[in-house]
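# A look at the structure
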Amino acid sequence: MKVLKKTLLLAAIGSSLFATAASAEQVNLTWQMWTGSETDTKSWQHLAEMVTAKYPDIKVTLTTTGWVDYWTRLPVLAASGQLADIVSMQSLRMPNFYSLLEPLNDRIEADKFDVGAFTPSIIGGMSVDKQLYGLPYDVGPWVIYYNQDALEAAGVPLPKPGWTLAEFTDAAKKLTKDGKYGFGITPTNYSVLAAAWGDKYVNDAGELDLTSTSAVAAADRLIGFAAKDKIAPLVPSGGANPGDVVQGRFNSGNVAMYIDGPWSIIGMKGQAKFKIGLTTLPREEGELSAVTAGSGFGISTTSKNKDAAWKAIQVLTSPEALSYLAEQGRALPARTASQSAWYKVAAKDITNGGEAIDYSLAHSVPYVITNNWAAVENLFNQYFPPAFAGSVDAKQTMESIQSLAQQ
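Overview of the structure.

Criteria and thresholds
Residues numbered from 1 in each chain as written. Predicted model: local features only at pLDDT ≥ 70, side-chain atom pairs only at ≥ 80, totals over all residues. Heavy atoms only, no water. Helix = DSSP H or I, 4+ residues; strand = E, 2+ residues; numbered from the N terminus. Buried < 20%, exposed > 50% of the residue type's maximum accessible area, 1.4 Å probe, protein only. Areas by Shrake-Rupley, 256 points an atom, 1.4 Å probe, with all protein chains shown as cover. Lys, Arg positive; Asp, Glu negative; His and termini not counted. Charge placed at Lys NZ, Arg CZ, Asp CG, Glu CD. Pairing = 2+ DSSP bridges. Contact = heavy atoms within 4.5 Å. Axes fitted to C-alpha atoms, helices over the stretch in contact; angles between N-to-C directions. 1 Å grid on protein atoms, 1.4 Å probe; cavity = no way out; pocket = protein on both sides within 12 Å on 5 of 7 lines; lining within 4 Å. Points joined across faces, edges and corners; volume = space filled by probe spheres on them. Nonpolar A, V, L, I, M, F, W, Y, C, P; charged D, E, K, R; others polar. Salt bridge = Lys/Arg side-chain N within 4 Å of Asp/Glu carboxyl O. Core = buried A, V, L, I, M, F, W, Y, C linked by side-chain atoms within 4.5 Å.

Below, the discussion takes up the overall build of the chain. Along its length, the chain carries 18 helices and 13 strands. Judged by the C-alpha coordinates and their principal axes, the chain covers about 105 × 50 × 35 Å. Looking at the chain as a whole, 51% of its 407 residues are labelled buried. Here the chain has roughly 18500 Å² of accessible surface; of this, 52% comes from carbon and sulfur atoms. Charge separation in the chain, taken as the distance between the mean sites of 33 positive and 39 negative side-chain charges, equals 7 Å.

Below, the structure is given as structure tokens:
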């Protein structure tokens, strides 16, 4: 009887210890993400459930906000110690917020995680000083969208990937007639085109350098599209977002070409009433340097479950997860092997869509920006429009922006 009681007691203790261990192993992670629609939210929720499917002891609770609210709230959450375990991050905002995220290089090395499976330029975009702070889920090179119907009506050959600035300008001039323009520009196109042309606007020390000969030359070319060649309409200097204005003009058929990323294809298909085509940014001399942007997921420095969060973000950026997003048309995957699924959905019926993006990715480079880039772009939006109107030249424009950006 004593032996039986002792056995039962040990069994009870063992059962209790097992229950405690099981309870301790259960991890609840939080994940903050932006969303643009209910469909978007469902896609992100599906990814959260994929984490639990692979790791039953990890549950991910998703919290979403709109795009603008996300970036407004992020510093507030950080200051109040309320960051989620998993923080979503865009490459263009990484220089501003990387200090909120856990460096990943040591984990990558320890687990022999293959970053080579991702498009190199977005790995660069998610890094600061060669330290990776987030695993990317998408990548997008800036490309030229064109109105195929307008080009064919004007007798302009459909542009091939790798076309030159001279070819682009000639096409835009032929397309500018009857109150319509060949090209729609925005002030923030400056850095995208400067990079494509091989002009530097950030020096080797990572500092903004808009007054260099190279930077001013790129500004002069951009300004010349509107002020000299008259192939681009003027854009507002305040109020409406210039990018939204130009995209609206393209969708309505008032401009034949404009710059955007692959993320706009799905939304545009339902708005444009003409055949859409894609090509690369025009190059000046030598090879094209197509800048890319994208987003991914990092681990907050304040997370108490960093090991579990590391497992989770690997699932969120896994081939299975990115193929799922691609099939929804949601994102051009950062993993090169998963990109074909996106082409079949999002780029379907887009003339030369796959070719233009493939070429751009093959010639892609990280988007070089400074840690005050948001302020710099605001200054672009303020000071380029008067230059487009011919009121001030490129040198004066760049000197003004450089001076104010350093204050």
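By definition, the strands of a sheet pair up through backbone hydrogen bonds, in either a parallel or an antiparallel sense. Reading across the sheet, the 5 strands line up as 2-1-3-12-6 and stay open at both edges, with mixed pairing between neighbours. The two strands at the open ends of the sheet, each matched to only one other strand, are strand 2 (58-65) and strand 6 (135-136). As paired elements, strand 6 and strand 12 (residues 295-299) share 2 bridges and run antiparallel to each other. For Pro136, the partnering residue across the bridge sits in strand 12 and is Gly296. Contacts from helix 2 (residues 38-54) reach strand 1 (27-34), strand 2 and strand 12, with the element oriented near 165 degrees to strand 2.

Moving on: the layout of surface pockets. In this structure, the second largest pocket encloses a volume near 740 Å³. As for the second largest pocket, its lining consists of 29 residues, and the residues nearest its centre are Val202, Pro366, Tyr367, Val368 and Ile369. Broken down by secondary-structure element, the contributors of at least two residues to the lining of the second largest pocket are helix 4 (94-97), helix 6 (120-125), strand 4 (127-128), strand 11 (290-293) and strand 13 (364-366). Top element by residues in the lining of the second largest pocket is strand 11. It accounts for 3 residues. A breakdown of the residues in the lining of the second largest pocket according to their chemical character gives 15 nonpolar, 9 polar and 5 charged.

With that settled, consider the sheet that holds strand 9 (residues 257-260). Reading across from one edge, 9-8-10 is the order of the 3 strands in this open sheet, with antiparallel pairing throughout. Lying at the two open borders of the sheet, with one neighbouring strand each, are strand 9 and strand 10 (276-279). The sheet shows a mean angle of 30 degrees between the axes of neighbouring strands, direction not considered. By the bridge criterion, 4 bridges tie strand 8 (residues 143-147) to strand 10 in an arrangement that is antiparallel. Along strand 10, the bridge assignment pairs Asn147 with Ile276. On the sheet, helix 11 (residues 242-251) packs against strand 8 and strand 9 and is oriented at approximately 135 degrees with respect to strand 9.

Burial along strand 11 is two-sided: Ala290 and Thr292 and Val291 and Ala293, pointing in opposite directions, are all buried. Where strand 11 and strand 13 come together, 3 bridges link them in parallel fashion. Directly across from Ala290, in strand 13, lies its bridge partner Ser364.

Attention shifts here to the pattern of salt bridges. Enumeration according to the criterion identifies 8 salt bridges in this entry. The residue Asp307 makes a salt bridge to Arg107 at a minimum N-O spacing of 3.0 Å. Remark: Arg107 occurs in helix 5 (residues 105-111) and Asp307 occurs in helix 13 (residues 306-316); sequence separation between them is 200 residues. Judged by its relative accessible area of 19%, Arg107 falls in the buried class. Counted as one network, the salt bridges with shared partners bring together Asp199, Arg221 and Glu284.

Counting residues in hydrophobic clusters, the biggest one holds 134 residues, and the most contacted among them are Trp31, Tyr190, Phe225, Met257 and Phe384. Counting residues per element, this core draws most heavily on helix 10 (residues 213-227), which supplies 8 residues. Those residues within four positions of Phe225 in sequence are excluded, and the remaining contacts are Leu165, Phe168, Thr169, Phe183, Ile185, Leu193, Trp197, Lys230, Ile231 and Ala232.

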